[in-house]
Amino acid sequence: MKKVCVCLVLALVGLGFSFQSASALPPFNKEWVAKYNTPEKAVYAYPAEHYEHWREELPTMAFSWGIFGENFTTRGMLEASVFIGDCLKIGEAVLVVTQPRMPCYKLALRFDRDDMIKRFLESGRSGFYLSVLEEGEVRAESEVELLNRDPESPFYKLIKRPS
């Protein structure tokens, strides 16, 4: 199985964050979880490789890890290589990829740009949501292991990037 690294966004989830349930996220996040989170969107992952694109696209912006609202900032897990239904082991937790991100108005607010949602969608750099199948501890140095991919899955790559 291929292993890639994952970087937890420590400012959001804290070192040694353990997947207990969506309601066990830090207290400052509970309102967001209650309003937006579903079991299919328990964790949002965004590839670190995309940050360079955004630095070039928006050179006056400061890009710190987690600016897109992700719980995990990953390396080696691009949309072109991640499939809906992929079962992953991250640290001691087992998760499944459920869907690409469809951003809401808060992304535009965070970037203070009316065109940010359109830019984000057109870029094909959406990141993806995961559902927690088995709770477990995840640390910043945790590796990601692909446990299962259904070769007959009707779902292929998450997003086809524009040419």
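Here is a short report on the structure shown in this document. Just so you know, the residues in each chain are numbered from 1, in the order the chain's sequence is written. It should be noted that, the model being predicted, local features are given only for residues of pLDDT at least 70 and side-chain atom pairs only at 80 or more, the latter also being counted only at that level, while totals for whole chains, interfaces and linings use all residues. Just so you know, side-chain values use all the structure's heavy atoms and leave hydrogens and water out.

1. Side note on helix H5 (residues 116-123)
And step 1. Only protein chains enter the area calculation, which uses a 1.4 Å probe; residues under 20% of their type maximum are buried, those over 50% are exposed, and those in between are partly exposed. Numbering of helices and strands starts at the N terminus; helices are DSSP runs of H or I of at least 4 residues and strands are runs of E of at least 2. Of all the positions in H5, only Met116, Phe120 and Ser123 are classed as buried. Projected down its long axis, H5 shows its buried positions confined to an angular sector of 70°, all on one face.
And step 2. Contacts are residue-level and defined by heavy atoms, with any inter-residue pair within 4.5 Å sufficient. Against strand S2 (43-47), helix H3 (50-57) and helix H4 (105-111) lie the buried residues of H5.
And step 3. Positioned one or two residues after H5, glycine 124 has a phi angle of 75°, which is positive. The directions from the helix axis to the C-beta atoms form the arc being described.

2. Regarding H3
And step 1. Those residues of H3 that fall on the buried side of the exposure criterion are His50, Tyr51 and Trp54. When H3 is viewed along its axis, its buried side chains cluster within an angular range of 100° and face the same direction.
And step 2. In this structure, the buried side of H3 is in contact with S2, strand S3 (72-74) and H5.

3. Considering the environment of lysine 89
And step 1. By the secondary structure assignment, lysine 89 is in strand S4 (residues 87-90).
And step 2. In the structure, lysine 89 is positioned 58 residues away from leucine 147 in sequence and 6.5 Å away in space, judged by C-alpha atoms.
And step 3. Excluding residues within four positions of it along the chain, lysine 89 makes contact with Val94, Glu143, Val144, Glu145 and Leu147.

4. Topic: the packing of aromatic side chains
Note on aromatic pairs: each is described by the distance of the centres and the angle between the planes.
And step 1. Only the six-membered ring of Trp is used, alongside the rings of Phe and Tyr, when aromatic pairs are assigned; centres must lie within 6.5 Å, and planes under 30 degrees apart are stacked while those over 60 apart are edge-to-face, with the rest tilted. One pass over the full model with this rule turns up 14 aromatic pairs.
And step 2. When the ring of tyrosine 46 is compared with that of tyrosine 51, the centres are 6.1 Å apart and the planes differ by 75°; the resulting orientation is edge-to-face. Across this residue pair, the class does not change: tyrosine 46 and tyrosine 51 are buried.
And step 3. Ring geometry for tryptophan 54 against phenylalanine 120: centres 6.2 Å apart, planes inclined by 15°, an arrangement best described as stacked. Of this pair, tryptophan 54 sits in helix H3 while phenylalanine 120 sits in helix H5, and the two are 66 residues apart along the sequence.
And step 4. The class of tryptophan 54 is buried, set by a relative accessible area of 0%.
And step 5. Judged by relative accessible area, which is 1%, phenylalanine 120 ranks as buried.

5. Re the nonpolar core
Taken as a class, soluble globular proteins show a tendency for nonpolar side chains to be buried jointly.
And step 1. Remark: nonpolar core denotes a set of buried residues (Ala, Val, Leu, Ile, Met, Phe, Trp, Tyr, Cys) joined through side-chain atoms within 4.5 Å. Counting residues in each nonpolar core, the largest one holds 16 residues, and the members touching the most others are Leu88, Ile90, Phe128 and Leu130.
And step 2. Dropping the residues within four chain positions of it, leucine 88 is found in contact with Met77, Ala93, Val94, Leu95, Val97, Leu130, Val144, Glu145, Leu146 and Leu147.
And step 3. Leu58, Ala108, Met116 and Tyr129 belong to the second-largest nonpolar core, a separate cluster that totals 14 residues.

6. Structural notes on the pattern of salt bridges
And step 1. Criterion for a salt bridge: a side-chain nitrogen of Lys or Arg within 4 Å of a carboxyl oxygen of Asp or Glu. Under the defined criterion, the tally for this structure stands at five salt bridges.
And step 2. Two residues, arginine 119 and aspartate 115, come together in a salt bridge whose shortest N-O distance is 2.7 Å.
And step 3. Taking relative accessible area as the criterion, aspartate 115 reaches 28% and is therefore assigned partly exposed.
And step 4. The structure contains a network of salt bridges with shared partners spanning Glu57, Arg113, Asp115 and Arg119.

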